[in-house]
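Structure assessment
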Amino acid sequence: MNNAIIAQDPDIQRSLAPLQTKREEAKAYFEKHGYPHSKLEDWKYVPVHRIIAPAYENPAPDAGGSVDRDAFAAYPLTSLDAWYLVFVNGWFSAELSQVPSPEEGILIGALSDEQVLAQAAPYLGNVATLESGFVASNTMGFTDGAFIHTAAGKTLDKPVVVYHLTVAHDAPLKIRPRNLFVAESNSSFKVVEIFAGDASREALTNMVTELKAEQDAVVDYTKLQLETGSNFHVGYTEIEQHKNASVDTHIISLDGAFVRNNLHFRLMDKQCRSIMNGLYLLSGNQFLDNHTRVNHNSPECYSDQLYKGIINEQATAVFNGKIFVEKDAQKTNAYQRNINILLSDEATVNTKPQLEIFADDVRCTHGATSGHLDEEAVFYLRSRGLSEKDAKRMLLRAYSEEVIGKLQVEELIAPLMKIAAEKFKD
Amino acid sequence: MLTIKDLKASIEGKEILKGISLEVRPGEVHAIMGPNGSGKSTLSAILAGREEFEVTSGSVTYQGQDLLEMAPEDRARAGIFLAFQYPVEIPGVSTTNFLKTAVNELRKARGQEPLDAVQFLKLMKEKMKLVEMNQSLLSRSLNEGFSGGEKKRNEIFQMAMLEPNLSILDETDSGLDIDALRLVASGVNQLRSKDNACILITHYQRLLEYIVPDYVHVLYNGKIVKSGDKNLALELEAKGYDWIKEEEKVEA
Ligand SMILES: Nc1ncnc2c1ncn2[C@@H]1O[C@H](COP(=O)(O)OP(=O)(O)O)[C@@H](O)[C@H]1O
């Protein structure tokens with residue numbers, strides 16, 4: 001069965017030796033394990049069978065040119081003051097992209113460009129470990145993706161938007177983007193991954209992003225999920241931080257039929273700062289699972305996580321946040337909060353914080369709550385003349401704003417608040 | 001303006017209000033006093049439109065309408081304002097935030113044009129003076145980290161903004177020091193007019209030194225056991241509530 005899946009993969013030639021090795025390893029992993037299943041603790045609540053069942057086709061490289069500028073402009077957030085790397089069904093579109101002119105020490109490009117790939121190859125597959133069939137499948141058969149590299153001391157003038165557009169109407173599609181972001185010492189950039197598009201047929205996006213922040217680097221990473229229709233998404237964002245590096249992440253999921261996000265941090269040296277800011281707004285039959293993990297491998301690091309969700313109708317949310325504090329990681333500060341608001345009796349949430357602490361001099365707190373909207377607050381606002389609907393909308397807005405308001409790419413805040421508000425229109 | 005007739009209410013099968021009747025006309029200030037547990041908060045909750053209490057008999061009519069049939073927002077739009085005893089904290093929502101919607105909802109109900117941002121700000125500035133509110137407090141999350149006095153002043157500020165016909169102040173004096181009490185009272189006094197009425201619910205006589213009522217009613221054990229003018233409050237202050245309790249025992 002696993003071999004049958006592998007056999008369907010198109011043979012994307014990677015001339016570079018390091019990539020061939022990674023690919024062979026991934027193949028071996030997949031042959032042995034295949035996709036994960038719900039007997040595995042980390043996949044307990046996830047109906048993986050639902051998303052791997054369709055007879056997926058693999059988009060060909062010409063998918064990149066299948067959407068023109070006008071069509072692209074109809075999707076959200078396509079005209080920010082930012083650099084754009086646009087991928088359509090996993091393949092780069094030069095027409096829709098806009099990258100800065102080459103500059104010493106800064107490289108922004110697509111992996112389908114052989115020259116870019118050559119620069120990226122030494123880093124690829126070093127941060128993401130083969131820990132599930134999805135990572136393996138991506139490593140074996142990724143199509144294209146973004147590469148950002150800033151040399152020591154460099155700062156990007158504008159954020160980079162990596163726009164993943166899915167358009168699936170003729171056949172079910174399997175889309176495997178692979179991104180690699182490397183900030184060398186004391187360099188900095190902001191990157192926003194946007195997943196958007198529409199799918200009347202099933203589309204499975206299996207993405208892997210690797211981010212390496214070297215000493216004193218400062219990176220701001222945002223992932224926005226705005227896909228509509230039968231979009232399935234399994235994503236791995238794998239982050240490695242070195243001494244005194246600072247990484248902020250914002251994982252904001254406003255749409256998508258099925259989402260599994262994995263966000264992993266490995267703190268390799270002292271004084272790292274890692275922020276995890278998450279928001280998910282679910283309705284209908286949406287399924288969303290956020291798995292996060294922070295490996296505090298070194299002393300004196302700080303991690304802070306706030307994930308908030310609103311779950312309406314028959315939607316299901318899962319949150320699992322792991323914090324591992326290794327024996328040597330003394331003076332760790334690790335905080336985690338997950339807050340859920342259930343708006344209907346049929347909505348479900350499973351939340352599980354998981355702390356494993358092997359050091360003795362640490363400060364760690366965690367808390368998870370699931371409840372309904374504050375009825376007292378609703379009553380208060382109604383007694384001032386607001387309709388029940390307006391009162392609830394105002395409270396949900398404020399609740400979402402706590403996360404969206406922290407976005408460092410500030411231009412995103414207003415449009416996202418608007419998209420969020422749309423979700424609670426009635 | 002407001003007519004309460006033989007109002008009985010209970011919660012979880014326990015009768016708390018045992019037949020209250022009260023008539024409030026425009027321009028009047030009524031004080032409702034009584035010892036703890038007598039039903040004061042229950043009465044104000046029912047007037048505000050809380051649903052946890054069951055009205056078992058009687059009626060409440062406000063400007064000719066059946067008040068008990070009205071949703072809380074419709075009561076507000078019809079000109080009723082309740083100053084909460086324990087105003088909630090609402091993270092992420094500032095007073096300015098919701099008050100603009102509130103003011104315009106009320107204006108709409110009165111057939112007035114909505115205020116634009118500039119007009120709204122002007123109105124705010126004017127009313128802020130009344131209770132010495134400052135702008136920064138109004139821009140912060142509602143009641144989060146507010147002192148007791150700030151919370152109550154914010155309630156009176158909102159009252160000023162919404163210009164109600166009937167205001168109900170639920171233990172607005174509790175937990176206030178004398179300066180805050182003066183500010184709150186002066187705000188309320190400045191809003192008094194011949195068209196507006198006010199119900200003050202309080203345990204202590206103290207507030208009534210600053211807001212002089214036309215009528216004082218004593219609520220005890222779910223019933224109004226005594227009514228009078230402001231002198232009744234002084235008498236209560238001097239004799240304490242035990243005096244009422246004793247009288248009730250004798251009558252029972
Ligand atoms: N939610 C409730 N459940 C049961 N009893 C209640 C509830 N709320 C109030 N009561 C009872 O009703 C009576 C009147 O309470 P309350 O209206 O708070 O009086 P006051 O405001 O005069 O102190 C008290 O005996 C109180 O215990």
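Residues numbered from 1 in each chain as written. Chains lettered and ligands numbered in written order. Predicted model: local features only at pLDDT ≥ 70, side-chain atom pairs only at ≥ 80, totals over all residues. Heavy atoms only, no water.

1. Focus on the overall build of chain B
- The secondary structure content of chain B amounts to nine helices and twelve strands.
- Against the 2.2 N^0.38 benchmark of 18 Å for 252 residues, chain B shows a C-alpha radius of gyration of 18 Å, consistent with a compact globule.
- Along the three orthogonal principal directions, the C-alpha set of chain B runs to about 60 × 40 × 35 Å.
- For chain B, with 252 residues in total, the buried portion stands at 53%.
- Element-wise, carbon and sulfur atoms account for 47% of the exposed surface of chain B, whose accessible area totals about 11,300 Å².
- If you average the places of the 31 positive and of the 38 negative side-chain charges in chain B, the two averages end up 3 Å apart. (Helix = DSSP H or I, 4+ residues; strand = E, 2+ residues; numbered from the N terminus. Rg over C-alpha atoms; globule rule 2.2 N^0.38 Å. Buried < 20%, exposed > 50% of the residue type's maximum accessible area, 1.4 Å probe, protein only. Areas by Shrake-Rupley, 256 points an atom, 1.4 Å probe, with all protein chains shown as cover. Lys, Arg positive; Asp, Glu negative; His and termini not counted. Charge placed at Lys NZ, Arg CZ, Asp CG, Glu CD.)

2. Overview of the site of the ligand
Residues and elements named next belong to chain B.
- Around the ligand, the surrounding shell consists of I11, K14, I16, P35, N36, G37, S38, G39, K40, S41 and T42.
- Between the ligand and G39 there is a distance of 3.0 Å, counted from an oxygen atom to a backbone nitrogen or oxygen.
- One of the side-chain N or O atoms of T42 is found 2.5 Å from an oxygen atom in the ligand.
- Considering the ligand on its own, with 570 Å² of exposed area, one finds that the protein chains cover 64% of that surface.
- Where the shell around the ligand is concerned, the elements lending two or more residues are strand 2 (14-24) and helix 1 (40-48). (Near = heavy atom within 4 Å. Polar contact = N/O pair within 3.5 Å; in protein donor to acceptor, adjacent residues only side chain to side chain.)

3. Regarding the interface of chain B and chain A
- In this assembly, 27 residues from chain B lie in contact with 16 residues from chain A.
- Across the interface of chain B and chain A, roughly 1,800 Å² is buried in total on both sides, 64% from carbon and sulfur atoms.
- Among the residues chain B hides against chain A, the three largest losses belong to B:E73, B:F84 and B:V88. Together they make up 25% of the total.
- Applying the counting rule to chain B against chain A returns three salt bridges.
- Here A:R382 and B:E73 are joined by a salt bridge, their closest N and O atoms 2.6 Å apart.
- Here chain B is connected to chain A by eight residue pairs in polar contact (both at pLDDT 80 or more).
- Mapped by element, the contributors of at least two residues to the side of chain B that touches chain A are helix 2 (72-77), strand 6 (80-83), strand 7 (90-94), helix 3 (95-109) and helix 6 (148-162) of chain B.
- Sorting elements by how many residues they give to the side of chain B that touches chain A places helix 3 of chain B first, with six residues.
- Here the side of chain B that touches chain A is built from residues that sort into 17 nonpolar, five polar and five charged. (Contact = heavy atoms within 4.5 Å. Buried area = accessible area lost by both parts, 1.4 Å probe. Salt bridge = Lys/Arg side-chain N within 4 Å of Asp/Glu carboxyl O. Nonpolar A, V, L, I, M, F, W, Y, C, P; charged D, E, K, R; others polar.)

4. Considerations on the pairing of strand 13 (residues 273-282) of chain A
Residue and element names in this part refer to chain A.
- Across the ten residues of strand 13, nine count as buried, placing the element largely inside the fold.
- Judged from the eight bridges that link them, strand 11 (residues 246-253) and strand 13 form a sheet pairing that is parallel. Looking at the pairing, I252 lines up with L279 of strand 13.
- Two elements, strand 13 and strand 15 (residues 302-311), share ten bridges in a ladder whose sense is parallel. Directly across from G278, in strand 15, lies its bridge partner Y307. (Pairing = 2+ DSSP bridges.)

5. Some remarks on the side chain of A:S387
- Topologically, A:S387 is positioned in the loop between helix 7 (375-382) and helix 8 (388-404).
- At 3.1 Å, the side chain of A:S387 forms a polar contact with the backbone nitrogen of A:D390.
- Filtering out sequence-adjacent residues up to four positions away, A:S387 remains in contact with A:R382, B:E73 and B:R77.

6. Structural notes on the domain arrangement of chain A
All names here are of chain A.
- In terms of domain boundaries, chain A breaks down into domain 1 (10-269) and domain 2 (375-426).
- Computed from C-alpha coordinates alone, the two centres of domain 1 and domain 2 are separated by 31 Å.
- Counting residues at the interface gives 16 residues for domain 1, matched by 13 residues for domain 2.
- Across the domain 1 to domain 2 interface the summed buried area is about 1,200 Å²; carbon plus sulfur atoms make up 74%.
- There are zero salt bridges connecting domain 1 and domain 2.
- Applying the counting rule to domain 1 against domain 2 returns three residue pairs in polar contact (both at pLDDT 80 or more).
- Among the elements of the structure, strand 8 (188-213), strand 9 (218-225) and strand 11 are those that each provide at least two residues to the side of domain 1 that touches domain 2. (Domains from an automatic or database assignment.)

7. Focus: the sheet that holds strand 11 (residues 215-220) of chain B
Residues and elements named next belong to chain B.
- Taken in spatial order, the six strands make up an open sheet running 6-9-10-3-11-12, and their pairing is mixed. The sheet is open, and its two edges are formed by strand 6 and strand 12 (223-228), each paired on a single side. Direction aside, neighbouring strands of the sheet carry axes that sit 20° apart on average.
- Of the strand pairs in this sheet, strand 9 (residues 166-170) and strand 10 (residues 197-202) are connected by five bridges, and their pairing is parallel. By the bridge assignment for strand 10, L169 is matched with L200.
- Set on the sheet, helix 8 (residues 230-239) makes contact with strand 3 (29-33), strand 11 and strand 12; between it and strand 11 the angle comes to about 45°. (Axes fitted to C-alpha atoms, helices over the stretch in contact; angles between N-to-C directions.)

8. What about unusual backbone geometry?
- The phi angle at A:L77 is positive, at roughly 60°, despite the residue not being glycine.
- You can see A:L77 is positioned in the loop between helix 4 (69-73) and strand 1 (83-88).
- The backbone of B:N143 shows a phi angle near 65°, a positive value even though the residue is not glycine.
- Structurally, B:N143 can be placed in the loop between strand 8 (141-142) and helix 6.
- By relative accessible area, which is 0% here, B:N143 ends up buried.

9. Examining the sheet that holds strand 5 (residues 65-66) of chain B
Residues and elements named next belong to chain B.
- The four strands are arranged 2-1-4-5 in an open sheet whose pairing can be described as antiparallel. Single-partner strands in this sheet number two, and they are strand 2 and strand 5.
- The sheet contact formed by strand 1 (residues 2-11) and strand 4 (residues 54-62) spans seven bridges and is antiparallel. Paired with K8 across the bridge in strand 4 is S57.
- Strands in contact with helix 1 are strand 1, strand 2 and strand 4; relative to strand 1, the strand with the most contacts, it is inclined by about 110°.

10. Some remarks on the packing of aromatic side chains
Residues and elements named next belong to chain A.
- Throughout the structure, instances matching the rule amount to 14 aromatic pairs over all chains.
- Aromatic pair Y307 and F319: ring centres 5.5 Å apart, planes at 50°, arrangement tilted. Residue Y307 is located in strand 15, and its partner F319 is located in strand 16 (residues 316-325); the two are separated by twelve residues in the primary sequence. Like F319, Y307 is buried.
- Taken together, the ring pairs in this structure connect F30, Y35, W43 and F134 into an aromatic cluster.
- Positioned above the aromatic ring of W83 is the side chain of K158, whose terminal nitrogen or guanidinium carbon lies 4.4 Å from the ring centre.
- In this structure, R260 packs its charged tip against the face of W43, placed 3.8 Å from the ring centre. (Phe/Tyr/Trp six-rings, centres within 6.5 Å; stacked < 30°, edge-to-face > 60°. Lys NZ or Arg CZ within 6 Å of the ring centre and 35° of its normal.)

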